[in-house]
Amino acid sequence: MKDLYKTLEIDKSASEGEVKKAYKKLAFKYHPDKNKSSDAESKFRDISEAYDILMDVDKRRMYDNFGYEAVSGEMPQVNPLDLFQSLFNVDFTGLGEGMHSNIFVFSDLSSMPFSQIKASMKYNLECSLDELYHGTQKEFNITHTVKNSSGGIGKKSTKYVINVKRGSKNGDNIVVKEGGNYIPQMNCCEDLVIQIVELEHPRYKRKDNDLYVAEKISLSEALTGVDMYIDHLEGSLQVKITDIVRPNQMFQVFNKGMPIKHDNTSLGNGNENGSEKDFGNLIIDLEIEFPESLGEKQKEYLKKILIHLDRKPKEGQLVHAYYYKDKQEVVKECMNEEEEGVGCIQQ
């Protein structure tokens, strides 16, 4: 009778997380495209079967109470390669003879925070905002140290092919177990972390799934409405604003931000036919360009057209006011002084 716990090298009291961790370790070790020993394929199949049973609550209960025969007969044959690929998003196959040992194809990058990963060797995968918006495929080579057949240290170049889904973000990563440098002092290999680094865009800023863009408008447009054309990442947009635009205001266009990459495909995948929830928003930061000067006739026209405060005349000393600073600059100075413990005017 098969001992599934022994197959995964765990105790009967192991949690689901411990079962998954054990499977990951052994599946990489005995994957037939990496391990060329004669018994690797059979061990890989047994490991996958043990994982499939022990991760299912009902199957595990049946196995614990009645043994392997109770679950082996009713269970459909698990495909260990499909199971491996579904868990790791990695496929060693279809890469040509003699290439299995140094080419890895990954279907996507996960969004697991980098801080949770223990790794010594890192590779930054640089992607432009356009590439992250549309999705792209990246190919690159990583040179790392390996243990050679004589027990010494050698160099090896491994090629990686990464399919980056649209909507991926800075910090998304893939962890390749034991894909880094060989450490002779510990007789083991480091993990390799391939991590997305989002390059700065000359025009757009990204915050989560929203896109920010700055646009200038005239004072006349701010008061009467504006039609503007924005070069968006998916093509030109005609944006219409009918409200009066006041200084420091931002406007948003719904569903014209970054595609949202969902880990659960049932929630959408940010494709062209996806729902409105599959995209962030476009935030437009409007800067009103005031005229440098006005003629007397222009001032008279504006006074007649625009509603203005009825200021009652009073007697007093005539003085002139001159430009000092922008309010934002003063607020920033106050914030800096407060951090240094210096008092400042209150808003």
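The rules behind the values
Residues numbered from 1 in each chain as written. Predicted model: local features only at pLDDT ≥ 70, side-chain atom pairs only at ≥ 80, totals over all residues. Heavy atoms only, no water. Helix = DSSP H or I, 4+ residues; strand = E, 2+ residues; numbered from the N terminus. Buried < 20%, exposed > 50% of the residue type's maximum accessible area, 1.4 Å probe, protein only. Patch = residues over 30% accessible without salt bridge, like charges linked within 9 Å, V, L, I, M, F, W, Y side chains within 5 Å. Areas by Shrake-Rupley, 256 points an atom, 1.4 Å probe, with all protein chains shown as cover. Salt bridge = Lys/Arg side-chain N within 4 Å of Asp/Glu carboxyl O. pLDDT = per-residue confidence, 0-100. Contact = heavy atoms within 4.5 Å. Phe/Tyr/Trp six-rings, centres within 6.5 Å; stacked < 30°, edge-to-face > 60°. Axes fitted to C-alpha atoms, helices over the stretch in contact; angles between N-to-C directions. Parallel < 35°, antiparallel > 145°, perpendicular 65-115°, else oblique. Nonpolar A, V, L, I, M, F, W, Y, C, P; charged D, E, K, R; others polar. Polar contact = N/O pair within 3.5 Å; in protein donor to acceptor, adjacent residues only side chain to side chain.

1. Some points on the side chain of Glu-215
Moving on, step 1. Note that Glu-215 resides in strand β11 (residues 210-218).
Moving on, step 2. Glu-215 gets classed as buried once you look at its relative accessible area, which sits at 13%.

2. Brief notes about a nonpolar patch on the surface
Moving on, step 1. A surface patch of nonpolar side chains, about 640 Å² in accessible area, is lined by Leu-223, Ile-244, Leu-294, Tyr-301, Leu-302, Ile-305 and Leu-306.
Moving on, step 2. Checked against the element boundaries, Leu-223 lands in helix α8 (residues 219-224).

3. Let's talk about the confidence of the model for the protein
Moving on, step 1. Per-residue confidence for the protein gives a mean pLDDT of 80; residues scoring 70 or more make up 77%.
Moving on, step 2. Mean pLDDT per element in the protein: strand β1 (residues 90-91) is the minimum at 56, and helix α7 (residues 129-134) is the maximum at 95.
Moving on, step 3. Note on residues 342-347: pLDDT is under 50 here. Beyond four places in sequence and across chains, it has 8 contacts.

4. Description of the packing of aromatic side chains
Moving on, step 1. In the structure shown here, the tally under the stated rule is 4 aromatic pairs.
Moving on, step 2. When the ring of Tyr-5 is compared with that of Tyr-63, the centres are 5.9 Å apart and the planes differ by 50°; the resulting orientation is tilted. Of this pair, Tyr-5 sits in helix α1 (residues 4-7) while Tyr-63 sits in helix α4 (residues 57-66), placing them 58 residues apart in sequence. Side by side, Tyr-5 and Tyr-63 carry an identical accessibility label, which is buried.

5. Remarks on the packing of helix α3 (residues 40-54) against α4
Moving on, step 1. Contact geometry of α3 with α4 gives a least axis separation of 6 Å together with a crossing angle of 105°. By the criterion of interaxial angle, the relationship of α3 to α4 is roughly perpendicular. In contact with Asp-52, Ile-53 and Leu-54 of α3, α4 contributes Lys-59, Arg-60 and Tyr-63.
Moving on, step 2. Taken together, the residues that form the contact of α3 with α4 break down as 3 nonpolar, no polar and 3 charged.

6. Quick notes on the side chain of His-144
Moving on, step 1. When you line up the elements, His-144 lands in strand β4 (residues 136-147).
Moving on, step 2. A distance of 2.8 Å separates a polar atom in the side chain of His-144 from a polar atom in the side chain of Thr-158.
Moving on, step 3. If sequence neighbours within four positions are ignored, His-144 has contacts with Met-121, Gly-154, Lys-155, Lys-156, Thr-158, Gly-179, Gly-180 and Asn-181.

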